[in-house]
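Chain by chain, the residues run as shown.
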Amino acid sequence: MLYHLLYPLKTVFGGFNVFRYLTFRSIFAVLTALFICLIIGPWVIRKLKELSFGQYIREDGPQSHHQKAGTPTMGGLMILFSMVVTTLLWADLTNFYIWLLIGVSLGFGAIGFWDDYLKVIKKHNRGLSGKAKLFWQSVVATLVALALYLYPDFETTLTVPFFKDLNPNLGLAFLPVAVFIIVGTANAVNLTDGLDGLAIGPVTIAAAFYLIFAYLAGNARIAAYLQIPFVRGVGELSIFLAALVGAGIGFLWFNAYPAQVFMGDVGALALGGILGTAAIAVKQEILLMVVGGLFVVEALSVIMQVCFFKVTNGRRIFRMAPIHHHFELKGWPEPKVIVRFWIISLVLGLLSLSALKLR
Ligand code: 57M
């Protein structure tokens, strides 16, 4: 909104010309979302407590988690609110990708809210059935994939890291590939959200790197120099992702160990859906396996554990999956697991940046 209100006034006051720069608006989007989250956080936590939206802890989890019972969940609402309000303030609202990301945030957020709400009402950590969750996520992801497929300026080519001349056009196969990436990332982030700050840290780091990818891919000159796909208009996503970074840091203020609030599925599913969609929009889908490598490892640890358990009639690879519980049960204090996983995420993000030059 500010972009539309103030940029045209640059003829009156030259300083407003600054509103045309993505860098300026991204910096203020981070600060705005952070500020909103810090301001509304205490009120949201109080309200969630009053509504007794407290987390129910599964009996079979690590013993150390039972002291967390009653911690308010659904804190993801403050992330989504701060992020969407900030985007509406700072982004160019005529941009297709901005509305696409707002749509996926609200779509996946609604599914997560439904699940969290049922858990609180049913007073047990079950919520929506796995099938129903997967079905509705696939519906939202399919709508997002179709929107991208039908958008004239968007190419359905796949970017292969390190191979600049390998850009296969997926055609209709783009749809299932995009749905898989979006739903897979949403659930991988969801699985990762099992320790204080363990999901929001790496999500914020990944969003920061995709903010850079969006800026680069949306700039024809830089994209040509780096020999990465140019995606007209996708640079505006750096505003949305900047808002996500700000909201993520703001949420971490309250979710840091010992957490005053959990994000809930409303946050985890929305954030994962956003990362998956952003990776596809900026045409760095495969690189998401690196930037979001922590989420991949968390999801793989569950798949490996369940498969091994079934094949060996009850034996386990890890003490408990996802892998963050394995280290907890090995005796690592929770904060140590969390910060080490953040460090790994940061290293993976930096490696993904280097992939842009190694082509
Ligand atoms: C998402 N949710 C946390 C919180 C958060 C197939 C199986 C691997 C599924 C998996 C599962 O249930 N995943 C659900 C993870 C839960 O967090 C809530 O859920 C939201 C995210 N969706 O926002 O509202 C618990 O995580 C802890 N937590 C924190 N701090 C945070 O900031 O401490 C969350 C956020 C919270 C709190 O204790 O209650 C979760 O872990 O459920 N299941 C598991 O992850 C379980 N693993 C398991 O069963 N492993 C088995 C097999 C199936 C692989 C095995 O290893 O043999 C573990 N999780 C729980 N208990 N709760 C272990 C058992």
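This report concerns the structure included in the present document. (Residues numbered from 1 in each chain as written. Predicted model: local features only at pLDDT ≥ 70, side-chain atom pairs only at ≥ 80, totals over all residues. Heavy atoms only, no water.)

What follows concerns the overall build of the protein chain. Along the backbone of the protein chain there are 14 helices and 0 strands. Along the chain direction, N to C, the helices and strands of the protein chain fall in the order α-α-α-α-α-α-α-α-α-α-α-α-α-α. The principal-axis extent of the C-alpha atoms belonging to the protein chain is close to 65 × 45 × 35 Å. Taken over 359 residues, the protein chain has a buried fraction of 52%. Long-range contacts, defined here as pairs at least 24 residues apart, represent 74% of the contacts in the protein chain between residues at least 6 apart. Surface accessibility of the protein chain: about 16100 Å² in total, with carbon and sulfur atoms responsible for 70%. (Helix = DSSP H or I, 4+ residues; strand = E, 2+ residues; numbered from the N terminus. Buried < 20%, exposed > 50% of the residue type's maximum accessible area, 1.4 Å probe, protein only. Contact = heavy atoms within 4.5 Å. Areas by Shrake-Rupley, 256 points an atom, 1.4 Å probe, with all protein chains shown as cover.)

Opposite charge on two side chains permits pairing when their charged atoms draw close. Applying the stated rule across the entire model yields 9 salt bridges. As a salt-bridge pair, Glu50 and Lys47 come within 3.0 Å of each other at their nearest N and O atoms. Taken together, the positions of Glu50 and Lys47, both in helix H2 (residues 22-50) and 3 residues apart, correspond to about one turn of that helix. Overall, Glu50 belongs to the exposed group, its relative accessible area being 55%. With a relative accessible area of 32%, Lys47 lands in the partly exposed category. We note a salt bridge from Lys68 to Glu334, for which the minimum N-O separation is 2.9 Å. Of the two residues, Lys68 sits in the loop between H2 and helix H3 (76-90) while Glu334 sits in helix H14 (residues 334-357), which places them 266 residues apart along the sequence. (Salt bridge = Lys/Arg side-chain N within 4 Å of Asp/Glu carboxyl O.)

Enumeration according to the criterion identifies 18 aromatic pairs in this entry. For the ring pair Phe16 and Phe19, a centre distance of 5.9 Å and an interplane angle of 55 degrees mean the geometry is tilted. Looking at Phe16, the relative accessible area reads 22%, which means it is partly exposed. On the basis of relative accessible area, Phe19 is assigned to the buried category, the value being 8%. Relative to Trp90, the ring of Phe28 has its centre 5.7 Å away and its plane inclined at 35 degrees; by these criteria the two rings are tilted. Highlighted residues: Phe28 in helix H2 and Trp90 in helix H3, separated in sequence by 62 residues. With a relative accessible area of 8%, Trp90 lands in the buried category. By way of ring pairs, the aromatic residues Phe13, Phe16, Phe19, Phe24, Phe28 and Trp90 are connected into one cluster. (Phe/Tyr/Trp six-rings, centres within 6.5 Å; stacked < 30°, edge-to-face > 60°.)

The space that makes up the second largest pocket amounts to roughly 260 Å³. Lining the second largest pocket we find Tyr3, Arg20, Leu22, Arg25, Asp92, Asn95, Tyr215, Gly218, Asn219, Gly233, Gly235 and Glu236. In the lining of the second largest pocket, the residues fall into 3 nonpolar, 5 polar and 4 charged. (1 Å grid on protein atoms, 1.4 Å probe; cavity = no way out; pocket = protein on both sides within 12 Å on 5 of 7 lines; lining within 4 Å. Points joined across faces, edges and corners; volume = space filled by probe spheres on them. Nonpolar A, V, L, I, M, F, W, Y, C, P; charged D, E, K, R; others polar.)

Running from N to C, helix H7 (residues 200-217) and helix H9 (residues 237-255) point in directions that differ by 165 degrees, and their axes come no closer than 9 Å. Classified by the interaxial angle, the pair formed by H7 and H9 is roughly antiparallel. Remark: the crossing between H7 and H9 carries left-handed chirality. Seen from H7, the contacting residues are Ile200, Thr204, Ala207, Ala208, Tyr210, Leu211 and Ala214; seen from H9, they are Leu237, Ser238, Leu241, Ala242, Leu244, Val245, Gly248, Ile249, Phe251, Leu252 and Asn255. Classifying every residue of the contact of H7 with H9 by side-chain character gives 14 nonpolar, 4 polar and no charged. (Axes fitted to C-alpha atoms, helices over the stretch in contact; angles between N-to-C directions. Parallel < 35°, antiparallel > 145°, perpendicular 65-115°, else oblique. Left-handed = near helix turned anticlockwise from the far one by under 90°.)

Here we come to empty space enclosed by the protein. Going through the model one piece at a time under the given rule, you end up with 2 cavities of 30 Å³ or more. In this structure, the second largest cavity occupies an estimated 30 Å³ of space. Lining the second largest cavity, in full, are Thr157, Leu158, Leu170, Phe174, Val177, Ala178, Ile181, Ile280 and Glu285. Examining the composition of the lining of the second largest cavity, we find that 4 residues originate from one element, helix H6 (residues 174-192), more than from any other. Of the residues assigned to the lining of the second largest cavity, the class counts are 7 nonpolar, 1 polar and 1 charged.

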